[in-house]
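Working through the structure, step by step
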Amino acid sequence: MKLLRIIFFVSLFVFAYFIGYKIYAKNQAIKLKGRRVKKKNVSNVLLQFKKYIPDVENLYTYIVTKIMLFITFLYLGTTNYESIFMGLVFSILGFMLPDFMIKIMKNAEKKQVLIDLLNVVESIKIQMSSNIPLIVALKNIPSVCKNKKLKNALVDMQLEYELSGYSLISSCKSMRKKFKFVEINMFLSAIEQQVKYGRAAETYENLITILKEKYIEYIENNTQTKMLFMTLGIVIVLINLAVMGCYPIIVEVNQNLSTMLG
């Protein structure tokens, strides 16, 4: 009987999810194209709807994972607590879990990329001030990166610059798609300016200033997070000590009261 209830709620959720998706797409189509929008224009609205979906490499895997976690958490919550309500609460948490994990990984990746980018820009600036050709500078900068994704993108940039007659159109376009950060766009603009005009010292300097501010901000946030966890840990320890210290007194008082009243 429980299994049938779970299957029913899962089916109801999946049905409501896709119906809501369809209704939203239709309403957006009306807003964007007017009352005369035809079915062929709904595909354009679906593209607009993608902005509400995390930037993942495999959308199909992302959706299937969310549905499977929803089903699993629904089953575990319903079985362990013997309550459909608790099953639904856990299933919602399971459904949101991939988004939460993706956000954490994206933030961690951005932090690492921007730290690497600071090292890259400083390296290029030093090499340009030493009159080292850009083709040589581009060969050196991947070595200062820890993030493999950024390192590979810089290697592709160097290869394109060397093999295509000093052009960076394709690699810059690819990097803008992979790293949708303002700082990366500024870096690519500086590189393009360096290729066209042979100088971009001021742009590099401005970008270094911005990246250093970001780096300081990351350090401050990490420090605040560590202090928060340390404070919570101390509070929990103090509460435990207080309980352990007060418990024998409470027991003794309770026994004395029982004796007096008895």
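Let us look at helix α6 (residues 148-163). Its 16 residues place the ends of α6 22 Å apart at the C-alpha level, agreeing with the 22 Å of an ideal helix rising 1.5 Å per residue. Those residues of α6 that sit buried are Leu-150, Ala-153, Leu-154, Met-157, Gln-158, Glu-160 and Tyr-161. Burial along α6 is one-sided: seen end-on, the buried residues are contained in an arc of 165 degrees. Across from the buried face of α6, at angles greater than 90 degrees, the exposed residues are Lys-148 and Leu-163. Here the buried face of α6 lies against α4 (84-129), α5 (134-140), α7 (169-178) and α8 (182-197). Taking the backbone nitrogen of Lys-149 as reference, a side-chain oxygen 3.1 Å away marks Asn-147 as the first, capping residue of α6. Once α6 finishes, Gly-165 follows within two positions and takes phi at roughly 80 degrees, a positive value.

Bringing the environment of Leu-88 into the picture now. As for its placement among the helices and strands, Leu-88 is situated in helix α4. The partly exposed category is assigned to Leu-88, whose relative accessible area is 28%. For the pair formed by Leu-88 and Phe-70, sequence separation is 18 residues and the distance between their alpha carbons is 8.7 Å.

It is worth spelling out the packing of aromatic side chains at this point. A full pass over the atoms with the stated rule returns 2 aromatic pairs. Here the aromatic rings of Phe-70 and Phe-95 are separated by 6.3 Å at their centres, their planes lie at 85 degrees, and the arrangement is edge-to-face. Placement of Phe-70 in helix α3 (residues 59-81) and of Phe-95 in helix α4 is noted, with a sequence separation of 25 residues between them. Across this residue pair, the class does not change: Phe-70 and Phe-95 are buried. Relative to Phe-181, the ring of Phe-179 has its centre 6.4 Å away and its plane inclined at 55 degrees; by these criteria the two rings are tilted. In terms of burial, Phe-179 and Phe-181 fall into one category: buried. The residue whose ring lies beneath Lys-66 is Phe-95, and the NZ or CZ to ring-centre distance is 4.0 Å. Over the ring of Phe-179 we find Lys-149; its NZ or CZ atom is 5.3 Å from the centre of that ring.

Criteria and cut-off values
- Residues numbered from 1 in each chain as written.
- Predicted model: local features only at pLDDT ≥ 70, side-chain atom pairs only at ≥ 80, totals over all residues.
- Heavy atoms only, no water.
- Helix = DSSP H or I, 4+ residues; strand = E, 2+ residues; numbered from the N terminus.
- Expected span 1.5 Å × (residues − 1).
- Buried < 20%, exposed > 50% of the residue type's maximum accessible area, 1.4 Å probe, protein only.
- Arc of directions from axis to C-beta.
- Contact = heavy atoms within 4.5 Å.
- Polar contact = N/O pair within 3.5 Å; in protein donor to acceptor, adjacent residues only side chain to side chain.
- Phe/Tyr/Trp six-rings, centres within 6.5 Å; stacked < 30°, edge-to-face > 60°.
- Lys NZ or Arg CZ within 6 Å of the ring centre and 35° of its normal.

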